[in-house]
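# Structure at a glance
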Number of protein chains: 2
Amino acid sequence: MTADPALAAEGAASERIANQLRDAILAGDIGPGERIRQEEVAERLGTSRLPVREALRILEAEGLTEHTANKGARVPRLDPAELDVLYQMRERLEPLALTESLPHLSAGDVRQLHVLHERIAADTDLREFMVLDRAFHLGSYAGCASEQLGSSVTRLWNATQPYRRAFMALGGPQRRWIIDHEHRLLLDAIDRRDSVDAERYLAGHIRRTRIELAGHPEVFHPAPARRRSAPAVPLPTAAG
Amino acid sequence: MTADPALAAEGAASERIANQLRDAILAGDIGPGERIRQEEVAERLGTSRLPVREALRILEAEGLTEHTANKGARVPRLDPAELDVLYQMRERLEPLALTESLPHLSAGDVRQLHVLHERIAADTDLREFMVLDRAFHLGSYAGCASEQLGSSVTRLWNATQPYRRAFMALGGPQRRWIIDHEHRLLLDAIDRRDSVDAERYLAGHIRRTRIELAGHPEVFHPAPARRRSAPAVPLPTAAG
DNA sequence: AGGGTTGTTTATGGATCCAATAAGTGCCAG
DNA sequence: CTGGCACTTATTGGATCCATAAACAACCCT
């Protein structure tokens, strides 16, 4: 799994910009339904509009933005049915990624997963939780050698991220307890290198979230009235 | 499944170019390992290099080309392990697409599948077979409403296409018979709208192909020495 | 007064030009 | 004769400029 966007800091400018925009979307700074203007991004990053356009094409192909001719790009707003299918895709693909990854995970990798698991249980901040949870799951796929499988799984995580955040935001603490329990079962299976059990627990983990999500339609509506003028966290500027 | 590239003829120029390049790759006109020069494509399509660049970014995000800074794009050459994983992904995702599609398939859609099935059995030309087989399988997912699932399945088909062609090229007629048989079972299940059986037959169909492919390493090597222009005789330099 | 129309504004799409980098080639020295 | 080095060339990456289409608003006509 070399497809982690955060790691690809170097490379062509269009990819760097794509990574920054992707991070902004995943962090919730841009949010579903919101528009992305080329000029604004170009100006903020201190570059021309051209690499921004390429970056938007990349994100479009990843499903993170949708493009209309002469109308520009915006973050798509998923409907419940589409999100449900995305979760079913995760339910089938991520266990495969885990099985592919398990034999190649080093002892240090597994140790790192334990560390993340403990930090998740300890932490309560939502933003931090999103980062740690992502690191935990994607970290468990770190041994997966397949480029395509890795990028597919990452894409699914990215596409579902905004709604996962909205879902976590409205639950009580017991939601954390359930997740902690499921993560523990998963970790045990990983410790034993038991891919059958690991697949089962992982699929169940995703499936339960999917079912619960189906019962919370408010996750889709919020559209938290983001202001254009005052982005809570400005895009990372082109730090020289 | 609105992601079929062949249907998206209109739209921005970058997408049109991406579609044309995609078709060329899928038809085998470009082939794994071969390079794609922006200027050549731009000249051939009578446009500037700029939309070609965007098109290449799109194809890169789809996994159909790989991009290196200042070195350009080329069609990636998959190794056997990667192809095997791609087939495992198909094995898990395409049954889901079929289950999502089945309830929404019209009687006319199913009838069209029967027509394709008969044409596949009758035809013997390889190039034609590749087109029909693709139309048959992707046609069975036509009822799938999910944008993301449709595009993912299409991507997997595209990525594996060159090797599927090489595989079909070296087999005898009995390979066609087996495929015909498996397609018939699949069609029966579709006729009965039996998603459980349909998933089973489809997964088996893909799985058998994967296993057989693993026993034919020559599929990867051939690289049929595509030359852009017969370099047997080195060009006289500085022909002015 | 309301709706349709037209002009203005704004943002995207495309083309040409220039800079930077990698590969290929020829030359020179050992 | 061979290996290394510098130069040339070809190709990609980026920026600026211009054309085009959509959104918006004011205005006129009914």
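This structure is a prediction, so every number in the text was calculated from the model and none was measured.

### Describing the overall build of chain A
- Helix and strand content of chain A: nine helices and three strands.
- For chain A, the N- to C-terminal ordering of α and β elements is α-β-α-α-β-β-α-α-α-α-α-α.
- A total of 240 residues make up chain A; the buried ones form 49% of that total.
- A separation of at least 24 residues holds for 76% of the contacts in chain A among residues at least 6 apart in sequence.
- In the form shown here, chain A has an accessible surface area of approximately 11,000 Å², with 54% of it arising from carbon and sulfur atoms.

### Observations regarding the packing of helix 4 (residues 80-101) of chain A against helix 7 (residues 147-170) of chain B
- Helix 7 of chain B packs onto helix 4 of chain A with a crossing angle of 40° between their chain directions and a minimal axis gap of 8 Å. Taken together, the axes of helix 4 of chain A and helix 7 of chain B are oblique relative to one another. Listed contacts from helix 7 of chain B to Glu-82, Val-85, Leu-86 and Met-89 of chain A of helix 4 of chain A are Glu-147, Gln-148, Leu-149 and Ser-152 of chain B.
- Partitioning the contact of helix 4 of chain A with helix 7 of chain B into residue classes produces four nonpolar, two polar and two charged.

### Describing unusual backbone geometry
- Phi at Arg-193 of chain A is positive, roughly 55°, even though this residue is not glycine.
- Take Arg-193 of chain A: it is sitting in the loop between helix 8 (173-191) and helix 9 (195-214).

### A word on the protein's contact with DNA strand D
- Lining the immediate surroundings of DNA strand D are 17 residues, of which Ala-13, Thr-47 and Asn-70 of chain A together with Arg-49 and Arg-53 of chain B lie closest.
- The sugar-phosphate portion of DNA strand D accounts for 67% of its atoms within 4 Å of the protein, the bases making up the rest.
- With respect to DNA strand D, the side chain of Thr-47 of chain A contributes an N or O atom lying 2.9 Å from a phosphate oxygen.
- At a separation of 3.2 Å, a phosphate oxygen of DNA strand D approaches a polar backbone atom of Ser-48 of chain A.
- Of all the secondary-structure elements, those providing two or more residues to the surface near DNA strand D are helix 3 (49-61) of chain A together with strand 1 (35-36), helix 2 (38-45) and helix 3 (49-61) of chain B.
- When its residues are assigned to classes, the surface near DNA strand D shows four nonpolar, seven polar and six charged.

### Focus: the sheet that holds strand 3 (residues 72-74) of chain B
All names here are of chain B.
- Strand order in the open sheet formed by three strands is 1-3-2, and the pairing between neighbours is antiparallel. The sheet is open, and its two borders are formed by strand 1 and strand 2 (66-68), each paired with just one other strand.
- Pairing analysis gives three bridges linking strand 2 to strand 3, with the strands arranged antiparallel. Within strand 3, the residue paired with His-67 across the bridge is Ala-73.

### A closer look at the side chain of Ser-152 of chain B
- Looking at the element boundaries, Ser-152 of chain B is found in helix 7.
- A residue is classified by how much of its surface remains accessible, and Ser-152 of chain B, at 14% relative accessible area, is buried.
- Excluding residues that lie within four positions of it along the chain, Ser-152 of chain B makes contacts with Met-89 of chain A together with Leu-93 of chain B.

### Digging into the packing of aromatic side chains
Residue and element names in this part refer to chain A.
- Within the structure shown, the criterion is met by two aromatic pairs over all chains.
- Relative to Phe-220, the ring of Tyr-163 has its centre 5.5 Å away and its plane inclined at 35°; by these criteria the two rings are tilted. With a gap of 57 residues between them, Tyr-163 in helix 7 (residues 147-169) and Phe-220 in the segment after helix 9 connect regions that are remote in the sequence.
- The exposure class of Tyr-163 is buried, given its relative accessible area of 4%.
- When its relative accessible area of 12% is taken as the criterion, Phe-220 is described as buried.
- The ring centre of Tyr-87 lies 5.0 Å from the NZ or CZ of Arg-90, which sits over that ring.
- Between the NZ or CZ atom of Arg-90 and the centre of the ring of Trp-157, over which it lies, the distance is 4.7 Å.

### Here's the deal with the protein's contact with DNA strand C
- What surrounds DNA strand C is a group of 17 residues, the closest being Arg-49 and Arg-53 of chain A together with Ala-13, Thr-47 and Asn-70 of chain B.
- Near the protein, meaning within 4 Å, the atoms of DNA strand C are sugar or phosphate in a fraction of 67%, with bases accounting for the rest.
- Between DNA strand C and Arg-49 of chain A, the relevant distance is 3.0 Å, taken from a base nitrogen to a side-chain nitrogen or oxygen of the residue.
- Interatomic distance of 2.9 Å between a side-chain N/O atom of Thr-47 of chain B and a phosphate oxygen of DNA strand C.
- Those elements that place two or more of their residues in the surface near DNA strand C are strand 1 (35-36), helix 2 (38-45) and helix 3 of chain A together with helix 3 of chain B.
- Looking at the surface near DNA strand C residue by residue, the classes come out as four nonpolar, seven polar and six charged.

### Here's the deal with the pattern of salt bridges
- Scanning the model with the defined rule gives 42 salt bridges over all chains in all.
- Residue Glu-15 of chain A pairs with Arg-57 of chain B through a salt bridge whose shortest N-O separation is 3.5 Å. Taken together, the residues span two chains, with Glu-15 of chain A in helix 1 (residues 13-26) and Arg-57 of chain B in helix 3.
- Overall, the relative accessible area of 22% leaves Glu-15 of chain A in the partly exposed class.
- Overall, the relative accessible area of 6% leaves Arg-57 of chain B in the buried class.
- Measuring nitrogen to oxygen at the nearest pair gives 3.1 Å for the salt bridge that ties Glu-91 of chain A to Arg-210 of chain A. Here the residue Glu-91 of chain A occupies a position in helix 4, and Arg-210 of chain A occupies one in helix 9, the gap between them amounting to 119 residues. The pair formed by Glu-91 of chain A and Arg-210 of chain A is uniform in burial state, with each residue classed as buried.

Reading guide: rules and limits
- Residues numbered from 1 in each chain as written.
- Chains lettered and ligands numbered in written order.
- Predicted model: local features only at pLDDT ≥ 70, side-chain atom pairs only at ≥ 80, totals over all residues.
- Heavy atoms only, no water.
- Helix = DSSP H or I, 4+ residues; strand = E, 2+ residues; numbered from the N terminus.
- Buried < 20%, exposed > 50% of the residue type's maximum accessible area, 1.4 Å probe, protein only.
- Contact = heavy atoms within 4.5 Å.
- Areas by Shrake-Rupley, 256 points an atom, 1.4 Å probe, with all protein chains shown as cover.
- Axes fitted to C-alpha atoms, helices over the stretch in contact; angles between N-to-C directions.
- Parallel < 35°, antiparallel > 145°, perpendicular 65-115°, else oblique.
- Nonpolar A, V, L, I, M, F, W, Y, C, P; charged D, E, K, R; others polar.
- Near = heavy atom within 4 Å.
- Polar contact = N/O pair within 3.5 Å; in protein donor to acceptor, adjacent residues only side chain to side chain.
- Pairing = 2+ DSSP bridges.
- Phe/Tyr/Trp six-rings, centres within 6.5 Å; stacked < 30°, edge-to-face > 60°.
- Lys NZ or Arg CZ within 6 Å of the ring centre and 35° of its normal.
- Salt bridge = Lys/Arg side-chain N within 4 Å of Asp/Glu carboxyl O.

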